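If you want the building blocks of each chain, they are given just below.
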Amino acid sequence: MATQPRATTAPAKCDTCEGEGTADKRVQQPHKKALINRLRRIEGQVGGVLNMVEQDRYCVDILMQISAVKSALDGVATEILSTHANGCVRKAVQEDGGEDAIAELLRVVRKMIR
């Protein structure tokens, strides 16, 4: 499976990431179209894994495809994490020291590496 070229990370537009709770916050992803394309490709890969299981394909082949899906999802997560750190967290640090934003970022990273 070919790897996708990495887009350069631009700071997120954090003008709208204000809100009372996490569900209220919105951030316009700077590379939204590329992220959507990557996620649609991953969606196709997951469908391919489903087909492989339905067709009783060899276990190792299925596991390799699952590994590719996980890797692709990790790439998307890393891109979004980078946007968050370079945009939302940076803005919070500049405005008020960012203790809450840094704590939230660390919680997310801990969950991601489990």
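Higher on the page you've got the structure.
Our subject in this report is the structure included herewith.

Side note on a negative patch on the surface
Phase 1: Together, Glu95, Asp96, Glu99 and Asp100 make up a region of like negative charge exposed at the surface.
Phase 2: Along the chain, glutamate 99 turns up in helix H3 (residues 99–112).

Brief notes about the environment of leucine 50
Phase 1: Tracing the chain through its elements places leucine 50 in helix H1 (residues 32–54).
Phase 2: Taking relative accessible area as the criterion, leucine 50 reaches 49% and is therefore assigned partly exposed.
Phase 3: Separated by 12 residues in the primary sequence, leucine 50 and isoleucine 62 place their C-alpha atoms 9.0 Å from one another.

Focus on the packing of H1 against helix H2 (residues 59–96)
Phase 1: It is the contact of H1 with H2, at a shortest axis distance of 10 Å, that shows an interaxial angle of 160°. Compared by their axis directions, H1 and H2 come out roughly antiparallel. Our pair here, H1 against H2, has a crossing hand that is left-handed. Residues Leu35, Arg38, Leu39, Ile42, Gln45, Val46, Val49, Met52 and Val53 of H1 touch H2, and the partners they reach there are Asp61, Ile62, Gln65, Ile66, Ala68, Val69, Ala72, Leu73, Gly75, Val76, Glu79 and Ile80.

Description of a positive patch on the surface
Phase 1: Among the surface-exposed residues, Arg107, Arg110, Lys111 and Arg114 lie close enough to one another that they form a single positively charged patch.
Phase 2: Residue position: arginine 114 is located in the segment after H3.
Phase 3: Judged by relative accessible area, arginine 114 falls into the exposed class, the value being 80%.

Conventions we followed
- Residues numbered from 1 in each chain as written.
- Predicted model: local features only at pLDDT ≥ 70, side-chain atom pairs only at ≥ 80, totals over all residues.
- Heavy atoms only, no water.
- Patch = residues over 30% accessible without salt bridge, like charges linked within 9 Å, V, L, I, M, F, W, Y side chains within 5 Å.
- Areas by Shrake-Rupley, 256 points an atom, 1.4 Å probe, with all protein chains shown as cover.
- Salt bridge = Lys/Arg side-chain N within 4 Å of Asp/Glu carboxyl O.
- Lys, Arg positive; Asp, Glu negative; His and termini not counted.
- Charge placed at Lys NZ, Arg CZ, Asp CG, Glu CD.
- Helix = DSSP H or I, 4+ residues; strand = E, 2+ residues; numbered from the N terminus.
- Buried < 20%, exposed > 50% of the residue type's maximum accessible area, 1.4 Å probe, protein only.
- Axes fitted to C-alpha atoms, helices over the stretch in contact; angles between N-to-C directions.
- Parallel < 35°, antiparallel > 145°, perpendicular 65-115°, else oblique.
- Left-handed = near helix turned anticlockwise from the far one by under 90°.
- Contact = heavy atoms within 4.5 Å.

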